[in-house]
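Secondary and tertiary structure notes
Here's the letter readout for the chains.
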Amino acid sequence: MSESQWILSIITSFYDKAKSDILIGYHFRFIKDFDEHIPRIAIFWEQQLLTTTHQKVVPPFDMIKAHMPLGIKRGEIGRWLVLFRKTLTEKSDPQFEGLATLWNERLTLFEGIFLRFLRL
């Protein structure tokens, strides 16, 4: 399995949990064709973890702008982190241990960004 395939598998597994989660699942019901959005999310994380992607990115990612209309609450950010880290643990693979560590660090970084810019 390549790094890109592993990243996609994490994203797919995470959003399978998140979409049905009692605390944050309602956010995903407002996104038309959400499953078609999954590869774009995987590309975003590929860029974050590998600093590059083989996929064309159009338009550029603006995470804060994209999430502002959702009215995300502080506790929802916490739940997102719990589910994401749970998924990373469940899908751990010694081949990608360093990537998983980096991913956890990036999750913490994004938590801070969201809390600051969304004024949570």
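Residues numbered from 1 in each chain as written. Predicted model: local features only at pLDDT ≥ 70, side-chain atom pairs only at ≥ 80, totals over all residues. Heavy atoms only, no water.

**Description of the overall build of the protein**
A count of helices and strands for the protein gives five helices and zero strands. Mapped in sequence order, the helices and strands of the protein form the string α-α-α-α-α. Expressed as a percentage of its 120 residues, the buried residues of the protein come to 38%. Across the protein, the fraction of contacts at a sequence separation of at least 24, relative to all contacts at a separation of at least 6, is 71%. By element, 57% of the accessible surface of the protein is carried by carbon and sulfur atoms, the whole surface being about 7,400 Å². (Helix = DSSP H or I, 4+ residues; strand = E, 2+ residues; numbered from the N terminus. Buried < 20%, exposed > 50% of the residue type's maximum accessible area, 1.4 Å probe, protein only. Contact = heavy atoms within 4.5 Å. Areas by Shrake-Rupley, 256 points an atom, 1.4 Å probe, with all protein chains shown as cover.)

**Some remarks on the environment of L81**
On the secondary structure map, L81 appears in helix α4 (residues 74-90). Owing to a relative accessible area of 5%, L81 belongs among the buried residues under this scheme. Each C-alpha atom, one on L81 and one on E111, is 7.9 Å from the other, the two residues being 30 residues apart in sequence. Ignoring sequence-local partners within four residues, the contact set of L81 consists of L107 and E111.

**Considering the confidence of the model for the protein**
Residue-level pLDDT values for the protein average 85, and 84% of them are 70 or greater. Least confident of the elements in the protein is helix α3 (residues 63-67), whose mean pLDDT is 69; most confident is helix α1 (residues 3-20), at 94. (pLDDT = per-residue confidence, 0-100.)

**Re the packing of α1 against α4**
One can describe the packing of α1 onto α4 by two numbers: an axis separation of 9 Å at closest approach and a directional angle of 135°. Viewed along their axes, α1 and α4 adopt a mutual orientation that is oblique. Crossing of α1 against α4: the hand is right-handed. Here W6, I10, I11, S13, F14, Y15, K17 and A18 of α1 lie close against α4, whose contacting residues are W80, L83, F84, K86, T87, L88 and E90. (Axes fitted to C-alpha atoms, helices over the stretch in contact; angles between N-to-C directions. Parallel < 35°, antiparallel > 145°, perpendicular 65-115°, else oblique. Left-handed = near helix turned anticlockwise from the far one by under 90°.)

**A closer look at the packing of aromatic side chains**
Scanning the model with the defined rule gives 15 aromatic pairs in all. Arranged with centres 5.2 Å apart and planes meeting at 65°, the rings of W80 and F84 form a pair that is edge-to-face. Residue W80 and its partner F84 are both found in helix α4; the two are separated by four residues, about one turn of the helix. Under the relative-accessibility criterion, W80 is labelled buried at 18%. (Phe/Tyr/Trp six-rings, centres within 6.5 Å; stacked < 30°, edge-to-face > 60°.)

**Concerning the nonpolar core**
Inside soluble globular proteins, nonpolar side chains tend to come together where they are buried. One finds I7, I11, Y15, W45, F84 and W103 to be the most contacted residues of the largest nonpolar core, which totals 33 residues. For this core, the elements supplying multiple residues, two or more each, are α1, α2 (34-50), α4 and α5 (97-117). Among residues more than four places away in sequence, those in contact with F84 are I10, I11, F14, W45, W103 and L107. (Core = buried A, V, L, I, M, F, W, Y, C linked by side-chain atoms within 4.5 Å.)

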